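A structural walkthrough
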Amino acid sequence: MEKKNEINGHATSERPLETKGAPRNTQQKLAEFLTRNLLVIMTVSGVLVGVGLGMGVRNMNLSKAQMTYFAFPGEMLLRMLKMIILPLVVCSLVSGAASLDTRSLGKLGGIAVAYFLVTTLIASGIGVTLAFIVKPGVGAGSLNSNSLGLERVSNNKETTDSFLDLARNLFPSNLVAAAFRSYATDYKMVASGNDINGTTLYQKVPFGKENDGMNILGLVLFAMVFGVALRKLGDEGEELIRFFNAFNEATMVLVSWIMWYIPFGIVFLVGSKIVEMEDVVLLVTSLGKYIFASILGHIIHGGIVLPLIYFGFTRKNPFSFLSGLITPFTTAFATCSSSATLPSMIKCVEENNGVDKRISRFILPIGATVNMDGAAIFQCIAAVFIAQLNNTELNAGQIFTILVTATASSVGAAGIPAGGIITIAIILEAIGLPTNDLSLMLAVDWIVDRTTTVVNVEGDALGAGILHHINQQEIAKQQKEMEVGRELSEVRVETVANVQAQEETSPLVMHKTKASEAVSDDAESVL
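In this convention, every chain numbers its residues from 1, walking through the sequence in written order. Selection of residues for local features in this predicted model requires a pLDDT of at least 70, selection of side-chain atom pairs for listing and counting requires 80 or more, and totals for whole chains, interfaces and linings are taken over all residues. Values reported for side chains reflect all heavy atoms of the structure, with hydrogen atoms and water molecules removed beforehand.

Brief notes about the environment of Thr-200
- The residue Thr-200 is located in strand E4 (residues 200-212) in this model.
- Taking the C-alpha atoms as reference, Thr-200 lies 10.0 Å from Val-190; in sequence the two are 10 residues apart.
- Contact definition: two residues touch when any of their heavy atoms are within 4.5 Å. When neighbours within four sequence positions are excluded, Thr-200 is seen to be in contact with Ala-191, Gly-193 and Asn-194. Put simply, DSSP H or I for four residues or longer makes a helix, DSSP E for two residues or longer makes a strand, and each gets a number counted from the N terminus.

Digging into the side chain of Thr-405
- The topology assignment puts Thr-405 in helix H18 (residues 396-409).
- You can call Thr-405 buried: its relative accessible area is 7%.
- Polar contacts involving the side chain of Thr-405 include one to the main-chain carbonyl oxygen of Thr-401, which spans 2.5 Å.
- If near-sequence neighbours (up to four positions away) are discounted, Thr-405 is found in contact with Phe-163, Ser-410, Ile-426, Ile-427 and Ala-430. Accessibility here uses a 1.4 Å probe with only protein chains present; expressed as a share of the type maximum, an area under 20% marks a residue as buried, one over 50% as exposed, and anything in between as partly exposed. Pairs of N or O atoms within 3.5 Å make up the polar contacts considered here, provided that, within protein, one atom can donate a hydrogen while the other can accept it, and that residues adjacent in sequence are counted only when both atoms are side-chain atoms.

Some details on the nonpolar core
- Counting 72 residues, the largest nonpolar core has Phe-321, Leu-325, Met-345, Ile-363 and Leu-364 as the members making the most contacts within it.
- Leave out the neighbours within four places in its chain, and Leu-325 touches Met-345, Cys-348, Val-349, Asn-353 and Ala-461. As used here, the term nonpolar core means buried Ala, Val, Leu, Ile, Met, Phe, Trp, Tyr and Cys residues forming a set that is joined through side-chain atoms within 4.5 Å.

A few points about the pattern of salt bridges
- By salt bridge we mean one thing: a side-chain nitrogen of Lys or Arg within 4 Å of a carboxyl oxygen of Asp or Glu. Inspection of the entire model under this criterion finds nine salt bridges.
- Its salt-bridge partner being Lys-107, residue Glu-474 comes within 2.9 Å of it at the nearest N-O pair. Taken as a pair, Glu-474 in helix H20 (residues 438-505) and Lys-107 in helix H5 (residues 102-134) lie far apart in primary sequence, 367 residues in all.
- Residue classification places Glu-474 among the partly exposed residues on the basis of a relative accessible area of 27%.
- Note that Glu-351 and Lys-347 form a salt bridge whose closest N and O atoms lie 2.7 Å from each other. Here Glu-351 and its partner Lys-347 are both found in helix H15 (residues 338-353), four residues apart, which amounts to about one turn of the helix.
- Take Lys-347: its relative accessible area is 16%, and that puts it in the buried class.
- Linked by salt bridges that have partners in common, Glu-249, Glu-350, Lys-357 and Arg-361 make up one network.

Set out below in structure tokens:
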């Protein structure tokens, strides 16, 4: 019989001690290690093989059509992971919100929001600080998208409309459409009259349209509220809660099957990206300081800040916790998508780190949607980089605007490859900078986006670990209070029983009582 034991955040199996007569040799230990970590080893090897394969195929000068065929196995992996996102997010959030009582749901939700907000603000601060130290845009004024042969990225959306769209997407008008479309504001020029010279005047009028892409933000909010509503129903909602729980477990079985395809798919995902690269040497030398600043920010935040926050709350080794998440980190590095990494992250957090299912399935889908620490870092660096590129001195108000806008807009950033590029446009609009140079960011986004996604999902995982620790402390505190209350009630019952027994059996007490009664009777008669 195996028992679960938790060490440094890891759930380990406690097996009966083996007999001294049969010690395990090195081969058996190695075989056990390989069996236990086979998927991790295969996934990491997939990245290395993909790099080698990509470098080899790159010299073959494939046509565009041949590149598409070469990338096909990697495309299939992305399609599988995206296929599972919708049922996983909705069912896990409904069952997670329904399994927690309203008070703990509110408390855990409040802690999660505070954690996401504080870590994203810290990430934005790191990004701005590094951008002013490294100065990636200084001396690069002659650099433009034409010299690198890049396409221009145009974005004419107002900052106000961007945030209004965020609010609109929180409440989708059609839940079915939200599974594959999201709301976005566009503009049209409408004639508004003539001036004194007879020239027709035009006014830019916003109107709504539906863009392709899942509205995860709206689905997350609906699933949470729906789960709370089912909890409030009591017995009537139990059937539906059981349905979502069963649906969730079946989805996790599908995830476990897909995870065995991940190493093979990653080989071609990474390899195809290397084959598609244009002149990578020119890009890296031109934008090297920007790439360096972004990756350094991710290393500082992911390797120092987040582990310190985890250690501060739990007093456990954060790197022991993170060592159980190598597979989702590798998946994040290869796919550049927080949403696509969500299935393997939930599975590994629960199985390798022993996090409560109710916590992980409640907080990880929310984190994959709203917690974008890595994105906040590179967005702030990109905004300062473009300001330096245009020889614009940023004042204190503009720097504060960058921090706040990057923190707020990262909530609505899509958990997909290059999802943060459009968000940079919102920051640039907010501080009055042109968006013409966004194509420079897009040119090297395939490099920076990999470390960005790893930091994003690391923040989600450590947040789940912190909430699990806080929840365990609350449970232990409640159990202790219950035990103390039970002991007090037992003592009280015994005391009452002993007094009654004394009154019934002690002749002295009975004599005293009767004597006192007799005295009182005599006193009354005398009076």
